[in-house]
Amino acid sequence: KAGVTQTPRYLIKTRGQQVTLSCSPISGHRSVSWYQQTPGQGLQFLFEYFSETQRNKGNFPGRFSGRQFSNSRSEMNVSTLELGDSALYLCASSLAPTGSYNSPLHFGNGTRLTVT
Amino acid sequence: QKEVEQNSGPLSVPEGAIASLNCTYSDRGSQSFFWYRQYSGKSPELIMFIYSNGDKEDGRFTAQLNKASQYVSLLIRDSQPSDSATYLCAVIKAAGNKLTFGGGTRVLVKP
């Protein structure tokens, strides 16, 4: 079974630009979560989608947004990029919404975003 | 106080020994607990999860949960150099629906 697929693997953008990251969950998984990982802050929760609805959102500014499509694929968008947005962005999928019994998160390989 | 706390390490362990990693959490009502392994430059990989007090074993790994003391631990038996990685503890709070991670413990297994 294929794992969680994230594209692209690497991105270099300039301050002020916007970026869209893509995530395809494991087949059959309907929940997709996004995390930001930096050396200083560790793994920080961005948001979770289930059945095309945002279930929960972390403490990130409105420049960070996402959506989920009917096939469970998800995209994350960051507008007006700042230097501090440089990070590894990880997508994770699970069968059921986070918190459901016996439905752990499985992570993709991530997208490394560098903002210059 | 951080929601999920781990000693950052590095925890240096001789090959063949037992590595013991600890994680404490602040929300007494937390229900679900996970251990992930992350190699440098790679994404987190699920090792195991535990929901009930006591021990849960999977191969060389044992997770131990003590809800009264609000800690969860991971034991790695017969440690191998390939176990050298950062181990992340993650918790789902009772009223929450997000996974909160600790900062991770870096483990170094020396041949």
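Reading the values: rules and limits
- Residues numbered from 1 in each chain as written.
- Chains lettered and ligands numbered in written order.
- Predicted model: local features only at pLDDT ≥ 70, side-chain atom pairs only at ≥ 80, totals over all residues.
- Heavy atoms only, no water.
- Contact = heavy atoms within 4.5 Å.
- Buried area = accessible area lost by both parts, 1.4 Å probe.
- Salt bridge = Lys/Arg side-chain N within 4 Å of Asp/Glu carboxyl O.
- Polar contact = N/O pair within 3.5 Å; in protein donor to acceptor, adjacent residues only side chain to side chain.
- Helix = DSSP H or I, 4+ residues; strand = E, 2+ residues; numbered from the N terminus.
- Nonpolar A, V, L, I, M, F, W, Y, C, P; charged D, E, K, R; others polar.
- Pairing = 2+ DSSP bridges.
- Axes fitted to C-alpha atoms, helices over the stretch in contact; angles between N-to-C directions.
- Buried < 20%, exposed > 50% of the residue type's maximum accessible area, 1.4 Å probe, protein only.

Enquirer: Outline the interface of chain B and chain A, supporting the account with residue identities and numerical values.
Expert: Taken residue by residue, the interface counts 14 residues in chain B and 20 residues in chain A. Both faces combined, the contact of chain B with chain A buries some 1500 Å², and carbon together with sulfur accounts for 59% of it. Joining chain B to chain A, the criterion identifies zero salt bridges. On inspection of chain B and its partner chain A, the count reaches four residue pairs in polar contact (both at pLDDT 80 or more). Looking at the side of chain B that touches chain A, the elements that each hand over two or more residues are β4 (32-38), β5 (45-50), β9 (85-92) and β10 (99-101) of chain B. The dominant element in the side of chain B that touches chain A, judged by the number of residues it contributes, is β4 of chain B, at three residues. Split into classes, the residues belonging to the side of chain B that touches chain A amount to 10 nonpolar, three polar and one charged.

Enquirer: Now, about the sheet that holds strand β3 (residues 19-24) of chain A: what can you tell me, with residues and values included?
Expert: All names here are of chain A. One open sheet holds the four strands; their spatial order is β1-β3-β8-β7, and the pairing between them is antiparallel. Of all strands in the sheet, those with a lone pairing partner are β1 (5-7) and β7 (64-68), marking the two edges. Going across the sheet, the axis of each strand differs from the next one's by a mean of 20°, ignoring polarity. Relative to β3, β1 is paired through three bridges, and the arrangement is antiparallel.

Enquirer: Before we move on, can you summarise the side chain of Q68 of chain A with the specific residues and values?
Expert: All names here are of chain A. Relative to the elements of secondary structure, Q68 occurs in strand β7. Judged by its relative accessible area of 6%, Q68 is buried. Of the polar contacts made by the side chain of Q68, one reaches the backbone nitrogen of F50; its length is 3.4 Å. Engagement of the side chain of Q68 in a polar contact is seen with the backbone nitrogen of E52, the distance being 2.9 Å. With residues up to four places along the chain from it excluded, the contact list for Q68 reads R30, V32, Y49, F50, S51, E52, T53, R73 and S74.

Enquirer: Break down the sheet that holds strand β8 (residues 71-76) of chain B for me, citing the residues and quoting the values.
Expert: Residue and element names in this part refer to chain B. Pairing in this open sheet of five strands is antiparallel, and the strands run β1-β3-β8-β7-β6 from one edge to the other. With one partner strand each, in any of the chains shown, β1 (4-6) and β6 (54-58) form the two edges of the open sheet. The sheet shows a mean angle of 20° between the axes of neighbouring strands, direction not considered. The pairing of β1 with strand β3 (residues 19-25) spans three bridges and is antiparallel. By the bridge assignment, E5 is partnered in β3 with T24.

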